[in-house]
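These are the residues of each chain, in order.
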Amino acid sequence: MQPNISKLIAISQKESRHIIGLMSGTSLDGLDIAYCKITGSGTTTKVDVIHFETVNYDAHYKNAVRNVFAKQRVDFPFFALLNRFIAKVHSDMILSFIRKHNLTANDIDLIASHGQTVMHVPTHNTDLDSIMHATLQIGDGDQIAMDTGIITISDFRQKHVAAGGEGAPLSVYGDFILNQTIDNDRILLNIGGIANFTYLPHNLRFADVFVTDTGPGNTLMDAWMRKYLNLPFDRDSHCAKRGKILPALLTQLQMHPFFERNFPKSTGPEDFNLHFVDEAIQKASIKHPVNNEDMMATLTQFTAASIAGAINQTIQSKQVNLYISGGGAYNSLLVSSLQALLPDYNFCKNNEMGIDIDAKEAIIFAILANEAVAGNPETFAGNPAIPKISMGKFSFPK
């Protein structure tokens, strides 16, 4: 038998596995690295996060990705090289993480690499209806496996698309596994570049679970701050708090066709970007130059209203505990706006769940890797809106 197959079988039969989960989001803040001990699988899964950190990207990496991210046309040779470049950057970060925490490759069973999303194309974004949905993450798993000497699982979203899904959001699989002891209805809201939520009923029937993207998370706010104030984001909504909402512009933003589509649905910066904002400014007859503080107040309210609108349209129960993760959890104006728009919901602190909100997405991909080697897709049976699958492609180091 091929030695790597034998090793993989042995890993699948272990009582617990040590897995490094990686997440790099559309905000390009950095690579989240979570070293987890995962015991069991499916609804018996127990996760212990041993080490976690976010390694910031330098300007060269960010600029390279932005040269292709969500672009209609790209330099194809550059794009092909970028697939390997991202993997090499991630490999170097993983190896530094391993050395920093006095680990060796033998201490790690698997690496779960999300990769870097460069294009997300649900059917509504293309005239090629026969192709259905598509999504693309790059950062070659084979390169990471070769560089680190560790079996690497990547391309998680492709199976979701192959099974009829849109490739996002995938958080529902990890959310369901991580919340097996609840006695109340929960909404797990993640505000990254794009916002999404998972609704978990207290009966934990997977057939009653619901997940969807809601629209923009931080992507429009961050993009405006980068372009017009040369800052990566609005720290603690300092800029937005000094502005006033522009009602005509808010109305135009809310007319995006994404909001007319049926739930569940997914989206990305391909839909929500500064080109869309500029068009809305023109339609709202806002005079130039637009006050940055007013723009940030309006974009923050737009994000809050799109999230609250999605929750109100899809969730009937109001006795729900709501938890926020992702970078948006640190935006105090965004959170207070959500509380005002969702007065019947009980906003809870994420530490009550025992999960580091910064590490959550990396943990979820570690869980998906664990399911790929030791789980059973039947864990996710009974919900026609959520594919019953295991996800990830395997790359061996030799």
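Everything below is about the structure shown above.
The following paragraphs examine the structure supplied in this document. (Residues numbered from 1 in each chain as written. Predicted model: local features only at pLDDT ≥ 70, side-chain atom pairs only at ≥ 80, totals over all residues. Heavy atoms only, no water.)

### Things to note about the packing of helix α2 (residues 59-66) against helix α3 (residues 76-100)
Logical step 1: Running from N to C, α2 and α3 point in directions that differ by 145°, and their axes come no closer than 11 Å. Here α2 and α3 pass one another in a crossing that is left-handed. Taking contact as the criterion, the partners of His 60, Tyr 61, Ala 64 and Val 65 in α2 are, on α3, Phe 78, Leu 82, Phe 85, Ile 86, Val 89 and His 90.
Logical step 2: The residue inventory of the contact of α2 with α3, partitioned by class, reads eight nonpolar, two polar and no charged. (Axes fitted to C-alpha atoms, helices over the stretch in contact; angles between N-to-C directions. Helix = DSSP H or I, 4+ residues; strand = E, 2+ residues; numbered from the N terminus. Left-handed = near helix turned anticlockwise from the far one by under 90°. Contact = heavy atoms within 4.5 Å. Nonpolar A, V, L, I, M, F, W, Y, C, P; charged D, E, K, R; others polar.)

### Regarding α3
Logical step 1: For α3, with 25 residues, the first-to-last C-alpha span of 36 Å sits near the 36 Å given by 1.5 Å per residue.
Logical step 2: Along α3, the largest kink reaches about 25° and is centred on Leu 82.
Logical step 3: Taken together, the buried positions of α3 are occupied by Phe 79, Leu 82, Ile 86, Ala 87, Val 89, His 90, Ser 91, Met 93, Ile 94, Phe 97 and Ile 98.
Logical step 4: One or two residues past the end of α3 sits Asn 102, with phi positive at roughly 55°. (Expected span 1.5 Å × (residues − 1). Bend = angle between axes of the 7 residues up to and from the residue. Buried < 20%, exposed > 50% of the residue type's maximum accessible area, 1.4 Å probe, protein only.)

### Details of the pairing of strand β3 (residues 46-56)
Logical step 1: Inspection of the sheet shows strand β2 (residues 30-39) paired to β3 by ten bridges, in the antiparallel sense. Residue pairing in the sheet places Leu 31 in a bridge with Val 55 of β3.
Logical step 2: Hairpin connection of β2 to β3: six residues between the antiparallel strands, including Gly 40 at a positive phi of 75°. (Pairing = 2+ DSSP bridges.)

### Quick word on the sheet that holds strand β10 (residues 320-325)
Logical step 1: The mixed open sheet is built from five strands, whose spatial order is β9-β8-β7-β10-β11. Each having just a single partner strand, β9 (210-216) and β11 (346-348) make up the two edges of the open sheet. Direction aside, neighbouring strands of the sheet carry axes that sit 25° apart on average.
Logical step 2: Pairing of β10 with β11, which is carried by three bridges, proceeds in the parallel orientation. If you follow Asn 321 over to β11, its bridge partner there is Asn 346.

### A few points about unusual backbone geometry
Logical step 1: Cis geometry is found at the peptide bond from Phe 263 to Pro 264, where omega equals -10°.
Logical step 2: Along the chain, the position of Pro 264 falls in the loop between α8 (247-253) and α9 (274-283).
Logical step 3: Along the chain, His 288 connects to Pro 289 via a cis peptide bond; the corresponding omega equals -10°.
Logical step 4: With respect to the helices and strands, the residue Pro 289 is situated in the loop between α9 and α10 (292-314).
Logical step 5: Phi at Leu 204 takes a positive value of approximately 55°, unusual for a residue other than glycine.
Logical step 6: Here Leu 204 is to be found in the loop between β8 (194-200) and β9.
Logical step 7: Not every positive phi belongs to a glycine, and Ser 237 is a case in point at roughly 50°.
Logical step 8: When you line up the elements, Ser 237 lands in the loop between α7 (219-229) and α8.

### Here we look at the packing of aromatic side chains
Logical step 1: Evaluation of the coordinates by the stated rule reveals 16 aromatic pairs.
Logical step 2: Relative to Phe 79, the ring of Phe 76 lies with its centre 6.1 Å away and its plane at 35°, an arrangement referred to as tilted. With Phe 76 and Phe 79 both in helix α3 and three residues apart, this pair spans about one turn of that helix.
Logical step 3: Classification of Phe 79 as buried rests on a relative accessible area of 17%.
Logical step 4: Relative to Phe 206, the ring of Phe 176 has its centre 4.8 Å away and its plane inclined at 70°; by these criteria the two rings are edge-to-face. Of this pair, Phe 176 sits in helix α6 (residues 171-178) while Phe 206 sits in the loop between β8 and β9, and the two are 30 residues apart along the sequence.
Logical step 5: Using a relative accessible area of 3% as the deciding quantity, one classes Phe 176 as buried.
Logical step 6: A relative accessible area of 5% places Phe 206 in the buried class.
Logical step 7: Here a set of aromatic residues connected by ring pairs shows up, and it is made of Phe 258, Phe 259, Phe 272, Phe 276 and Phe 302.
Logical step 8: Across the ring face of Phe 263, the terminal group of Lys 265 is positioned such that the distance to the ring centre comes to 4.3 Å. (Phe/Tyr/Trp six-rings, centres within 6.5 Å; stacked < 30°, edge-to-face > 60°. Lys NZ or Arg CZ within 6 Å of the ring centre and 35° of its normal.)

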